[in-house]
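# Summary of structural features
The lines below spell out each chain.
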Amino acid sequence: MNRKKTYIGIAVIVLIFGIIVIPKIIDRSMRGEVVDNDRLNVGQLDTQENDGELAYININGADRKVPHFEFIDQNRDTITEDTYKGKVFLVEFFFTSCPTICIPMNKNLVLIQNKFQDNPDFGIASFSIDPEHDTPEVLKEYTESYGITDPDWHLMTGDRKEIYELANVGFNLLAQENPNIEGNFQHSGLFALVDQNGFIRSRRDEFGNPLIYYRGFIPYGAPEVEGEETSQIDILIEDINKLLNKNKK
């Protein structure tokens, strides 16, 4: 008798689920609101509400922070993650002889540099993925040719293995040699945004998922993705300001 009542109870629960929950799931699917939180394979959705606050990038249960690094910049100064302590900064991986995406990437970074040129709490970290060629002297010439003047913009070179580990493991940004493509190196054209405490941050998409990184390889003012009215560089400038202004409160 008790077993019969148990079966009846389960049947009632299933019926209620079918009447109330399933139609809602179907409705959300029809409107495109059901998404996979791990669709980018880079971490779990941040638990904060999508309220305009920039997301932390959560990977394997921990907010992703810039790992330790130590390299030499264009002035032969030793630069580490502590150099940027207390600053909002951008991270890119590039190489000076790059004939393709590095050109618009660094032109966009110069534009951003000029927006924040009077702010000592902002910086940029550029890591060369061709460190054998990109000596401090070469990097110094590169800064002059691109109009890089911000003293907190460090173009770095050093041990190849350490730079590639920083890119591929530390930031999950692709960097590798590829003799089959123009320039012989393949890398991501994305910028990482880091807050004053060294955490990687981003805004969320319409579903609440962190966008992770910002497209840096589209020339400023050029069309990007169909339906987008605001360029990624404009969005990035807005988000840099969010972090800088939050620190003042």
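Use the structure listed above.
Residues numbered from 1 in each chain as written. Predicted model: local features only at pLDDT ≥ 70, side-chain atom pairs only at ≥ 80, totals over all residues. Heavy atoms only, no water.

This part is about the overall build of the protein. A tally of helices and strands in the protein yields five helices and 13 strands. Buried positions account for 43% of the 249 residues belonging to the protein. Put simply, of all contacts in the protein between residues at least 6 apart along the chain, 71% involve residues at least 24 apart. A total of about 13800 Å² of accessible surface is found on the protein, and carbon and sulfur atoms cover 52% of it. (Helix = DSSP H or I, 4+ residues; strand = E, 2+ residues; numbered from the N terminus. Buried < 20%, exposed > 50% of the residue type's maximum accessible area, 1.4 Å probe, protein only. Contact = heavy atoms within 4.5 Å. Areas by Shrake-Rupley, 256 points an atom, 1.4 Å probe, with all protein chains shown as cover.)

This part takes up the side chain of Asp73. In this structure, Asp73 sits in the loop between β4 (70–72) and β5 (78–80). Among buried Asp, Glu, Lys and Arg side chains, Asp73 stands out as unpaired, with Lys140 the closest opposite charge at 8.1 Å. At 2.9 Å, the side chain of Asp73 and the side chain of His154 are in polar contact. Once you skip the residues sitting within four places of it in the chain, Asp73 turns out to touch Ile79, Pro136, His154, Leu155 and Met156. (Lys, Arg positive; Asp, Glu negative; His and termini not counted. Salt bridge = Lys/Arg side-chain N within 4 Å of Asp/Glu carboxyl O. Polar contact = N/O pair within 3.5 Å; in protein donor to acceptor, adjacent residues only side chain to side chain.)

Tallied over the entire structure, the rule returns nine salt bridges. Here Arg76 ties to Glu137 by a salt bridge, and the two come within 2.9 Å at their closest N and O atoms. With Arg76 in the loop between β4 and β5 and Glu137 in helix α3 (residues 136–146), this pair connects stretches of sequence that are 61 residues apart. According to the relative accessible area criterion, Arg76 is exposed, its value standing at 52%. Accessibility expressed as a relative area gives 42% for Glu137, which makes it partly exposed. A salt bridge links Arg201 to Asp195, with the shortest nitrogen-to-oxygen separation between them at 2.8 Å.

Along the chain, the position of Ser188 falls in the loop between β10 (185–187) and β11 (190–194). A distance of 3.1 Å separates a polar side-chain atom of Ser188 from the backbone nitrogen of Leu190. Setting aside chain neighbours within four positions, we find Ser188 in contact with Phe93, Ile101, Met105, Leu173 and Leu174.

Applying the stated criterion to the full structure yields 10 aromatic pairs. With a centroid separation of 5.6 Å and an interplanar angle of 80°, the aromatic rings of Tyr56 and Phe199 are classed as edge-to-face. With a gap of 143 residues between them, Tyr56 in strand β1 (residues 55–56) and Phe199 in the loop between β11 and β12 (200–202) connect regions that are remote in the sequence. Each ring, one from Phe94 and one from Tyr142, has its centre 5.5 Å from the other, and the planes form 40°; the classification is tilted. (Phe/Tyr/Trp six-rings, centres within 6.5 Å; stacked < 30°, edge-to-face > 60°.)

Right, let's get into helix α4 (residues 160–170). What α4 keeps buried is the set Ile163, Tyr164, Leu166, Ala167 and Gly170. On its buried face, α4 is in contact with β4, β6 (88–94), β7 (122–128), β9 (175–177) and β10. Capping the start of α4, Asp159 holds a side-chain oxygen 3.1 Å from the backbone nitrogen of Lys161, two or three residues further along. Just downstream of α4, Asn172 is the residue with a positive phi angle, here 55°.

Turning next to the pairing of β6. Of all seven residues that make up β6, seven are buried, and the element is covered over most of its length. Judged by which residues are buried, β6 turns out to be covered on both faces: Val88, Leu90, Glu92 and Phe94 on one side and Phe89, Val91 and Phe93 on the other are all buried. Strand direction decides the pairing type here: β6 and β7, joined by seven bridges, are parallel. Note that in β7 the partner of Phe94 across the bridge is Ser128. (Pairing = 2+ DSSP bridges.)

The next thing to look at is the environment of Asn108. As for its placement among the helices and strands, Asn108 is situated in helix α2 (residues 102–115). The spacing of Asn108 and Gly216 is 108 residues in sequence and 6.9 Å in space, taken between C-alpha atoms.

Another aspect to go through is unusual backbone geometry. Even without a glycine there, the phi angle at Asn172 is positive, about 55°. Its location among the elements puts Asn172 in the loop between α4 and β9.

Once that is clear, we can look at the nonpolar core. Generally speaking, nonpolar side chains in soluble globular proteins are found buried as a group. Counting 57 residues, the largest nonpolar core has Phe93, Ile112, Phe127, Phe171 and Ile240 as its most contacted members. Only β6, α2, β7, α3, β8 (153–156), α4, β11 and α5 (232–248) provide two or more residues apiece to this core. The element that contributes the greatest number of residues to this core is α5, accounting for seven residues. Those residues within four positions of Ile112 in sequence are excluded, and the remaining contacts are Leu90, Phe122, Ile233, Leu236, Ile237 and Ile240. (Core = buried A, V, L, I, M, F, W, Y, C linked by side-chain atoms within 4.5 Å.)

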